[in-house]
Amino acid sequence: MERDPRVCVMGEDVGHYGGSYKVTKGLAEKYGDLRVLDTPIAENSFTGMGIGAAMTGLRPIVEGMNMGFLLLAFNQISNNCGMLHYTSGGQFTIPIVIRGPGGVGRQLGAEHSQRLESYFQSIPGIQMVACSTPYNAKGLMKAAIRSENPVILFEHVLLYNLKERIPDEEYVLSLEEAEMVRPGEHVTILTYSRMRYHVMQAAKTLVNKGYDPEVIDIRSLKPFDLYTIGCSVKKTHRVLIVEECMRTGGIGASLTAAITENFHDYLDAPIVCLSSQDVPTPYAGTLEEWTVVQPAQIVTAVEQLCQ
Amino acid sequence: MASSSWLLMRRSRALIHHKNFSFYSLFSSSSSSSCSSSSPFMKKPQAESAGYSNDYSSSSAHHHFRFLRRFESTKAEAAQLELQHDVTDDDDDNHRAIDFPGGKVAFTSEMRFISEASQKRVPCYRVLDDNGMAMEYRNYVQISKEMAVKMYSDMVTLQTMDSIFYEVQRQGRISFYVTSMGEEAVNIGSAAALSSDDIILPQYREPGVLLWRGFTLQQFVDQLFGNTSDLGKGRQMPIHYGSNKHNYFTVSSPIATQLPQAVGAAYSLKMDGKSACAVTYFGDGSTSEGDFHAGLNFAAVMDAPVIFICRNNGWAISTPVEEQFRSDGVVVKGQAYGIWSIRVDGNDALAVYSAVHTAREIAIKEKRPVLIEALTYRVGHHSTSDDSTKYRPIDEIEYWKMERNPVNRFKRWVERNGWWNDSNESELRSRVRKQLMQAIQVAEKAQKPPLEDMFNDVYDRLPSNLEEQEKVLREIVKKHPEDYPSDVPL
């Protein structure tokens, strides 16, 4: 926002309240009410507003208070955000960033525990990235703002409290690159967002048991970084996908298809995909825990894969 | 005219088309030809008319000036209104008002429901009568001869475009078309009152606005044929025009999505401090969409300089307005959102021009939205995929096409001023017709956009997955050249 006066934020309670997860805290005081705009409650409308502003030259960042609410904005995101650059013959660009917290939290209830990346991944014209660490959150956010394409940035409700030492100076990450978290030889584990932490926890156990997993945080959900993924597959010949999406129609499903199509010859075993079940997320804490893939499951899956 | 009998007549569709019924006399000059002295914007009737009601006593020379002057004082008037409604401690008893989030409100021990409709329908602002005569007591923004002639010429051009392109679709040469027949005055009257800096977010029945701004006939035709000269590169269906050069946002099919976008565009103009506004058009059907309500609400809350122009043409495909909403049209909804609104005779080009001209000044100077409901009639079918005789009588259509034609009405006014004659008319019509025919010939023969245009512009640069998909497609085409269209270059 400091670097480019065209950047502005709009969403519910983003101004003086600082945002429901305090992501925009302090911005309204610094940049004023107009650049950090509190909107009435109508997701389709403030997303539409962001699109109109973007077409007129601004670079808005639209915050969904919870990604699940952006289902109400699906019309604007799909029919206008993704399409208008194309249908106008390239005359209008929509450099908008749509971001917000999503994923399964701690007993937030089914409607507030959605994984919108499953629903949005099919929309042509948009890019999707998921951040997982303070470092990549900053880098991806900057890249998303500077991109000329509409970008949906998926944050996770449970990752906001992470603390990490990150460089003071400016850095921008690539929107299409995956992150090599832990190089290894035996199996490629592909994951993103919060599941990265479950995978790393499982990795500790696996290392103790003598396995050497390669963990890749795919970060770019649309398009997939098939280069990094492919190199890894060619090395390990075994793939495990760990995601929070539901079994049907999630990122894992698309990733499985993409890897099978492109790297079929390099696989020694069928791809295993661990996802949440096709159920609305229950409120009860114990049940909620078991809709999400746990480290123990990951360990078992790797052991079976490597037999 | 009691409101209940009006509702009764409108709901019984069979009666509407009976010419002897007096309902349509509401639109004619014999009935209340001008607004009553109590302006629809006032919360309490005032002795002196305020706001934007008609002023009977001024001469035409000072009209324009008076408009501006009166409008300058609205803020003062608004402040006065506030005082009148503000229950201060000076009142007899402070017990008369109660404090709630949202402000002080007087209370009453009478349990009174607000009726669903006021006694009288909101009157409709018009300047010309059905014969194109400026009415006796009228208040409008003057226009010059050049402006009037351009307005009329563009209305005729739009009419000619519509009839020719409709035929071209019927001949199977283009796939689809949507006419704006009957709404030429809304299109051109409003366009003429705006500046080229104002950003237009259309629905799809406003090509006249683009025509006014200088989009050539060739450009229109190129889009219809989707050829290589089309600015949209052949990607959209016909009539989905768009030109950033003319500040006309590309038409997007879903209804009312442009309303919140207009607020965003206005927000951007406000940030830049530009002396311009966003103008968005939509039909009566759009007012049922959620985006309409949120768009108006947002514009009001954010003090966005947007002009919302509703073309209330009576029909949303086959749904008449009685089945679309139960309110007194669209204009009454403005106040519900805290927006200045006006109802205009959409078939009166001068009235539309004046209203939009003034609305634009309000929007820009006061940084607030304005709602204009232009009453008109959709003479044509909804589109070439529709046959409206299936749900409305042919004589109703004929009536609006001939007797209530906005182009003829404006023509009579222009002619009466000595600015137009029959030879101008025949010259214009034949010239436009010839130009259109030529443009169609050129467009029809032109090549279609190349195959690569299927894949680029999805993103700013071609990503690897699309590159691969293009490669695959080219390989398929190479294998089966006989199945590939000959006018699409590879």
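From a predicted model like this one, the values you see are computed outputs, not experimental measurements.

About the cut-offs
- Residues numbered from 1 in each chain as written.
- Chains lettered and ligands numbered in written order.
- Predicted model: local features only at pLDDT ≥ 70, side-chain atom pairs only at ≥ 80, totals over all residues.
- Heavy atoms only, no water.
- Helix = DSSP H or I, 4+ residues; strand = E, 2+ residues; numbered from the N terminus.
- Contact = heavy atoms within 4.5 Å.
- Core = buried A, V, L, I, M, F, W, Y, C linked by side-chain atoms within 4.5 Å.
- Buried < 20%, exposed > 50% of the residue type's maximum accessible area, 1.4 Å probe, protein only.
- UniProt positions renumbered as here; feature names shortened; annotations may be inferred.
- Pairing = 2+ DSSP bridges.
- Axes fitted to C-alpha atoms, helices over the stretch in contact; angles between N-to-C directions.
- Buried area = accessible area lost by both parts, 1.4 Å probe.
- Salt bridge = Lys/Arg side-chain N within 4 Å of Asp/Glu carboxyl O.
- Polar contact = N/O pair within 3.5 Å; in protein donor to acceptor, adjacent residues only side chain to side chain.
- Nonpolar A, V, L, I, M, F, W, Y, C, P; charged D, E, K, R; others polar.
- Parallel < 35°, antiparallel > 145°, perpendicular 65-115°, else oblique.
- Expected span 1.5 Å × (residues − 1).
- Disulfide = S-S within 2.5 Å.
- Phe/Tyr/Trp six-rings, centres within 6.5 Å; stacked < 30°, edge-to-face > 60°.

Chemist: Quick question: what am I supposed to make of the overall build of chain B here?
Modeler: When helices and strands are tallied, chain B shows 16 helices and 9 strands. Considering only intrachain contacts with a sequence separation of at least 6, the fraction spanning at least 24 residues in chain B is 71%.

Chemist: What am I meant to see in the nonpolar core here?
Modeler: The tendency in soluble globular proteins is for nonpolar side chains to be buried side by side. Formed by 80 residues in total, the largest nonpolar core has its most connected members in Phe120, Ile152, Phe154, Leu190, Ile218 and Ile259 of chain A together with Phe308 of chain B. At 7 residues, helix α9 (residues 258-272) of chain B tops the list of elements feeding residues into this core. Discounting chain neighbours no more than four positions away, the residues touching Leu190 of chain A are Ile216, Ile218, Ile229, Val239, Leu240, Ile241, Val242, Leu255 and Ile259 of chain A. Counting 74 residues, the second largest nonpolar core, distinct from the first, contains Ala192, Tyr204, Leu211 and Leu436 of chain B.

Chemist: Before we go on, may I ask you to explain the UniProt feature "domain: Dehydrogenase E1 component" (unreviewed entry) in chain B in this structure?
Modeler: In the numbering adopted here, UniProt assigns the feature "domain: Dehydrogenase E1 component" (unreviewed entry) to residues 155-450 of chain B. Helix makes up 46% of residues 155-450 of chain B and strand 11%, and the two end C-alpha atoms of the span are 35 Å apart.

Chemist: What's the story with the sheet that holds strand β4 (residues 97-102) of chain A in this structure? I'm lost.
Modeler: All names here are of chain A. The 7 strands lie next to each other as β2-β1-β3-β4-β6-β5-β10, forming an open sheet whose pairing is mixed. Each edge of the open sheet carries a strand with a single partner, namely β2 (36-38) and β10 (220-222). Mean inter-strand twist for the sheet, computed between neighbouring axes without regard to direction, equals 20°.

Chemist: Help me understand the interface of chain A and chain B in this model?
Modeler: Many authors give the size of an interface as the accessible area that is lost as the parts come together. Chain A puts 42 residues into the contact, and the matching count from chain B is 38 residues. Of the roughly 3,400 Å² buried between chain A and chain B, counting both surfaces, carbon and sulfur atoms make up 62%. Of all residues in chain A, the largest losses of buried area upon contact with chain B belong to Met49, Tyr86 and Gln91 of chain A, amounting jointly to 20% of the total for that side. In this structure, the connection of chain A to chain B is made through 0 salt bridges. Across the chain A-chain B interface, the total number found is 14 residue pairs in polar contact (both at pLDDT 80 or more). Looking at the side of chain A that touches chain B, the elements that each hand over two or more residues are β1 (7-11), α1 (27-35), β2, α2 (43-55), α3 (74-81) and α4 (84-87) of chain A. If one sorts the elements of the side of chain A that touches chain B by residue count, α2 of chain A sits on top with 9 residues. Among the residues forming the side of chain A that touches chain B, the class breakdown is 18 nonpolar, 20 polar and 4 charged.

Chemist: Before we go on, may I ask you to explain the packing of α2 of chain A against α3 of chain A in this structure?
Modeler: Residues and elements named next belong to chain A. Remark: α2 packs on α3, axes separated minimally by 8 Å, with the N-to-C direction vectors making an angle of 25°. Classified by the interaxial angle, the pair formed by α2 and α3 is roughly parallel. Residues Asn44, Thr47, Gly48 and Ile51 of α2 pack against Phe74, Asn75, Gln76, Ile77, Asn80 and Cys81 of α3. Of the residues that constitute the contact of α2 with α3, the class distribution is 4 nonpolar, 6 polar and no charged.

Chemist: How do you make sense of the environment of Gly32 of chain A when you look at a structure like this?
Modeler: Residue and element names in this part refer to chain A. Examined against the element boundaries, Gly32 turns out to sit in helix α1. On the basis of relative accessible area, Gly32 is assigned to the partly exposed category, the value being 23%. Along the sequence, Gly32 and Arg6 sit 26 residues apart, while their C-alpha atoms lie 13 Å from each other.

Chemist: Sorry, what's going on with unusual backbone geometry here?
Modeler: Of note, the bond from Lys222 of chain A into Pro223 of chain A is cis; its omega dihedral lies within 30 degrees of zero at 0°. Considering the arrangement of structural elements, one finds Pro223 of chain A in the loop between β10 and α8 (226-236). In this structure, Arg219 of chain A is a non-glycine residue whose phi angle is positive, near 55°. Tracing the chain through its elements places Arg219 of chain A in the loop between β9 (213-217) and β10. Arg219 of chain A sits in the buried class, given a relative accessible area of 4%. Of note in this structure, Lys367 of chain B is not a glycine but carries a positive phi near 50°.

Chemist: Even after reading the chapter, I still don't get α9 of chain B, so can you show me in this structure?
Modeler: All names here are of chain B. Under the 1.5 Å per step criterion, the end-to-end length of α9 is 21 Å for 15 residues, consistent within 8% with the ideal 21 Å. Among the 15 residues in α9, 12 count as buried, and that is most of the element. By the burial criterion, the buried members of α9 are Gln258, Leu259, Pro260, Gln261, Ala262, Val263, Gly264, Ala265, Ala266, Tyr267, Ser268 and Leu269. Immediately beyond the C-terminal end of α9, within one or two residues, lies Gly273, with a positive phi of roughly 65°.

Chemist: Sorry, what's going on with the state of the cysteines here?
Modeler: Disulfide: a covalent bond formed between the sulfur atoms of two cysteine residues. Residue and element names in this part refer to chain A. Using the criterion set out here, one finds 0 disulfides over all chains in the structure. Among the cysteines around Cys273, which has no disulfide bond, Cys245 carries the closest sulfur, lying 8.9 Å off. We classify Cys273 as buried; its relative accessible area is 13%.

Chemist: Any chance you could explain the UniProt feature "domain: Transketolase-like pyrimidine-binding" (unreviewed entry) in chain A here in plain terms?
Modeler: Feature annotation in UniProt assigns "domain: Transketolase-like pyrimidine-binding" (unreviewed entry) to the following positions: residues 1-162 of chain A. Structurally, residues 1-162 of chain A is divided into 31% helix and 18% strand, and its ends, taken at the C-alpha atoms, are 23 Å apart.

Chemist: Looking at this model, I keep getting lost on the packing of aromatic side chains. Mind explaining?
Modeler: The relative placement of two aromatic rings is captured by the distance of their centres and the angle of their planes. Tallying each qualifying case throughout the model produces 16 aromatic pairs over all chains. On the basis of an interplanar angle of 40° and a centroid distance of 5.0 Å, the ring pair of Phe74 of chain A and Phe120 of chain A is categorised as tilted. A residue pair is termed long-range when its members are at least 10 positions apart, and Phe74 of chain A in helix α3 and Phe120 of chain A in helix α5 (residues 117-120) qualify at 46 residues. Assessed through its relative accessible area of 26%, Phe74 of chain A is described here as partly exposed. Exposure remark for Phe120 of chain A: the relative accessible area of 0% places this residue in the buried category. Centroid distance Tyr399 of chain B to Trp400 of chain B: 5.7 Å. Interplanar angle 80°. Geometry classified as edge-to-face. Neither Tyr399 of chain B nor Trp400 of chain B differs from the other in exposure class; each is buried. Ring pairs connect the aromatic residues Phe215, Phe220 and Tyr241 of chain B, which therefore count as one cluster.

Chemist: What am I meant to see in the side chain of Asn347 of chain B here?
Modeler: Residues and elements named next belong to chain B. With respect to the helices, strands and loops of the structure, Asn347 is situated in the loop between β8 (340-345) and α12 (349-366). Given a relative accessible area of 4%, Asn347 falls into the buried group. Within the local environment of Asn347, its side chain forms a polar contact with the backbone oxygen of Arg404, the two atoms lying 3.3 Å apart. Among residues more than four places away in sequence, those in contact with Asn347 are Gly182, Ala185, Leu375, Thr376, Tyr377, Trp400, Arg404, Pro406 and Arg409.

Chemist: Explain the pattern of salt bridges to me, please; I cannot follow it from the model alone.
Modeler: Opposite charge on two side chains makes pairing possible when the charged atoms of those side chains draw close. The final tally for this structure, using the stated rule, is 35 salt bridges over all chains. Among the salt bridges present, the one from Arg99 of chain A reaches Glu155 of chain A, with a minimum N-O distance of 2.6 Å. Within this pair, whereas Arg99 of chain A is found in strand β4, its partner Glu155 of chain A is found in strand β6 (residues 151-156), the two being separated by 56 residues in sequence. Among the residues examined, Arg99 of chain A registers a relative accessible area of 1% and is labelled buried. On the basis of relative accessibility, which here comes to 8%, the residue Glu155 of chain A falls in the buried class. Between Arg219 of chain A and Glu179 of chain A there is a salt bridge, with the nearest N and O atoms lying 2.7 Å from each other. One end of the pair, Arg219 of chain A, is in the loop between β9 and β10; the other, Glu179 of chain A, is in strand β7 (residues 179-182), with 40 residues separating them in the sequence. Three or more residues are tied together by salt bridges with common partners; here these are Arg126, Asp130, Asp345, Asp348, Arg404 and Arg409 of chain B.

Chemist: How do you make sense of the sheet that holds strand β11 (residues 239-246) of chain A when you look at a structure like this?
Modeler: Two strands in a sheet stick together by hydrogen bonds in their backbones, pointing the same way (parallel) or opposite ways (antiparallel). Residue and element names in this part refer to chain A. The strand order across the open sheet built from 5 strands is β7-β9-β8-β11-β12, with neighbouring strands paired in mixed fashion. Each edge of the sheet is formed by a strand with only one pairing partner; in this case those strands are β7 and β12 (272-276). Neighbour to neighbour, the strand axes of the sheet diverge by 25° on average, direction disregarded. As paired strands, strand β8 (residues 187-191) and β9 are joined by 5 bridges and run parallel to one another. Looking at the pairing, Thr191 lines up with Asp217 of β9. Sheet strands touched by α8: β8, β9 and β11. Its angle to β8, the strand with the most contacts, is close to 155°. In this fold helix α11 (residues 295-305) packs onto β8, β11 and β12, with an angle of close to 145° to the strand it touches most, β11.

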